[in-house]
Amino acid sequence: MAPIYLAIIGLGGVGKAFLSQLAALQLGSITKPTVIFASRSSKQLYNKDYTSIDASTLDSSSSPLLSLSDLTSWLASAPGKVILVDNTSNQDVADSYPSFLENGISVVTPNKKAFSSNLKLWDDIFSSTTPSALIYHESSVGAGLPVISTLKDLTATGDQITKIQGVFSGTMSFLFNTFSPVSGSGSGKWSEIVSQAKDAGFTEPDPRDDLNGMDVARKCTILARLAGLKVEGPDSFPVQSLIPKALESASSASEFMQKLPEHDQEMESYKEDAAKQGKVVRFVASVDVQNNKVSVGLEMVEKDSPIAGLKGSDNIFVFHTKRYSSSPLVVQGSGAGGEVTAMGVSADLIKAVERLS
Ligand SMILES: NC(=O)C1=CN([C@@H]2O[C@H](COP(=O)(O)OP(=O)(O)OC[C@H]3O[C@@H](n4cnc5c(N)ncnc54)[C@H](OP(=O)(O)O)[C@@H]3O)[C@@H](O)[C@H]2O)C=CC1
Ligand SMILES: N[C@@H](CC=O)C(=O)O
Ligand code: NA
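On a predicted model such as this, the values are computed, not experimentally measured, just so you know.

Enquirer: Even after reading the chapter, I still don't get the nonpolar core, so can you show me in this structure?
Expert: Across soluble globular proteins, nonpolar side chains have a tendency to be buried as a group. Counting 82 residues, the largest nonpolar core has Y97, L175, F176 and W190 as its most contacted members. The element that contributes the greatest number of residues to this core is helix α11 (residues 214-226), accounting for seven residues. For Y97, the residues in contact, after removing those within four places along its chain, are D86, V107, T109, N111, A114, F115, I125 and I135. If you look at the next biggest cluster of nonpolar residues, it comprises 27 residues, including I4, L6, V345 and A352.

Enquirer: I'm lost on the packing of aromatic side chains in this one. Help?
Expert: The description of two aromatic rings rests on the distance between their centres and on the angle between their planes. Going through the model one piece at a time under the given rule, you end up with 13 aromatic pairs. Relative to W74, the ring of F37 has its centre 6.4 Å away and its plane inclined at 55 degrees; by these criteria the two rings are tilted. With a gap of 37 residues between them, F37 in strand β2 (residues 34-40) and W74 in helix α2 (residues 68-76) connect regions that are remote in the sequence. Residue F37 is classed as buried on the basis of its relative accessible area of 1%. On the accessibility criterion, W74 (12% relative accessible area) is buried. Aromatic side chains F168 and F317 sit 4.6 Å apart centroid to centroid with 10 degrees between the ring planes, which places their arrangement in the stacked category. Separated by 149 residues along the polypeptide, F168 in the loop between β7 (161-167) and α8 (170-179) and F317 in strand β10 (residues 314-321) bring together distant segments of the chain. The pair F168 / F317 is uniform in exposure class, with both members buried. One aromatic cluster in this structure is built from Y5, F37, Y46, Y50 and W74. Directly above the ring of F179 sits K271, whose terminal nitrogen or CZ lies 4.2 Å from the centroid.

Enquirer: Which parts of the structure should I look at to understand the coordination of the sodium ion (ligand 3)?
Expert: Where a metal carries four tetrahedral donors, each ideal angle is 109.5 degrees; where it carries six octahedral donors, the ideal angles are 90 or 180 degrees. At the metal site, the sodium ion (ligand 3) is ligated by E138 (O), E138 (OE), V141 (O), A143 (O) and L145 (O), and these contacts range over 2.3 to 2.5 Å. Donor residues binding the sodium ion (ligand 3) come from one chain and are separated in sequence as E-x2-V-x1-A-x1-L. Given a relative accessible area of 4%, A143 falls into the buried group. Assessed through its relative accessible area of 11%, L145 is described here as buried.

What counts and what doesn't
Residues numbered from 1 in each chain as written. Chains lettered and ligands numbered in written order. Predicted model: local features only at pLDDT ≥ 70, side-chain atom pairs only at ≥ 80, totals over all residues. Heavy atoms only, no water. Core = buried A, V, L, I, M, F, W, Y, C linked by side-chain atoms within 4.5 Å. Buried < 20%, exposed > 50% of the residue type's maximum accessible area, 1.4 Å probe, protein only. Helix = DSSP H or I, 4+ residues; strand = E, 2+ residues; numbered from the N terminus. Contact = heavy atoms within 4.5 Å. Phe/Tyr/Trp six-rings, centres within 6.5 Å; stacked < 30°, edge-to-face > 60°. Lys NZ or Arg CZ within 6 Å of the ring centre and 35° of its normal. Donors = N, O, S within 2.8 Å, 3.2 Å for Na, K, Ca; no water.

In structure tokens, the structure reads:
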């Protein structure tokens, strides 16, 4: 049996956790894939003759940099099947998935960009898959929580999705569970809690991608498409941004984080308004398949509701379907962070290796 080769792009919070899970992977009688390529923005590590590398030594590598198209050609000529793991949030890498797949390279990824940009990219990706060029992206929604697999199982077995609602962002969950808890007055100023979410590895590489609602809008786009809606993209439905107007033109993530404390009062007023009604604020998403409507934004919710009671960075996905009509199917748990995201990537890798072996 020819070996299966592994190329890993991105060794940040998720990538590093993925590497340690890879070392401990349980594949039974199947041979572990051989890592032949690892990269971060400005470093790559590989041996031209496809011999195995130690990805943890990437930072000291002096391998010449390959463009994405050179990388595709090199991987396509490997003497065995190749799985590429994309642990970046990079659009150019995501745009290359159709080309990877057309060249027989399978893709496993938590990167949302490929599945939530324009519909053409989505169509190109899924029309390029074959039994030996597979795509898995469980961690693109709800990190390692079984959200995409559940949705696919529901539709593949003939169920009809009516609506999917909940809290689809670990960052937003952590921010509001900490800032506007069910009991007590919250621990800390808005900007301090945003910094904590970034330090804990919950946010996107640029936390503005969470605060502007786009991360949740991307997840809604993915879920809506899997449920059968032709959603054009994450900017084709209403999305509430929590970026203060004055900071919309901040030139970098660090300038944004530095100036955010000047705007803490804006979020305080949402919290106070909710408290006057005996409620709490949460960032809620809804994919209403029946009525072809998607929305993302702040809601004041009752303190005894399941959404208000979430803890830490927990997500909740409530699936209303034809079968689950009187009592919805609920998936809930930690929805952000390196370890739980890498778990979804590693589990997808196992599925891909099993199918390719
Ligand atoms: N963190 C989480 O909780 C979750 C994350 N995800 C997704 O997982 C992905 C990774 O997130 P996370 O690990 O937190 O992000 P990080 O910012 O920690 O890591 C990103 C990594 O990608 C590398 N990278 C960026 N662009 C390129 C490129 N063009 N070529 C090669 N490497 C590149 C970066 O390298 P360098 O450092 O050199 O710039 C870095 O190693 C994202 O798509 C995110 O949306 C999904 C679910 C949950
Ligand atoms: N930034 C995202 C990470 C997972 O998708 C989040 O906070 O949920
Ligand atoms: Na998931």
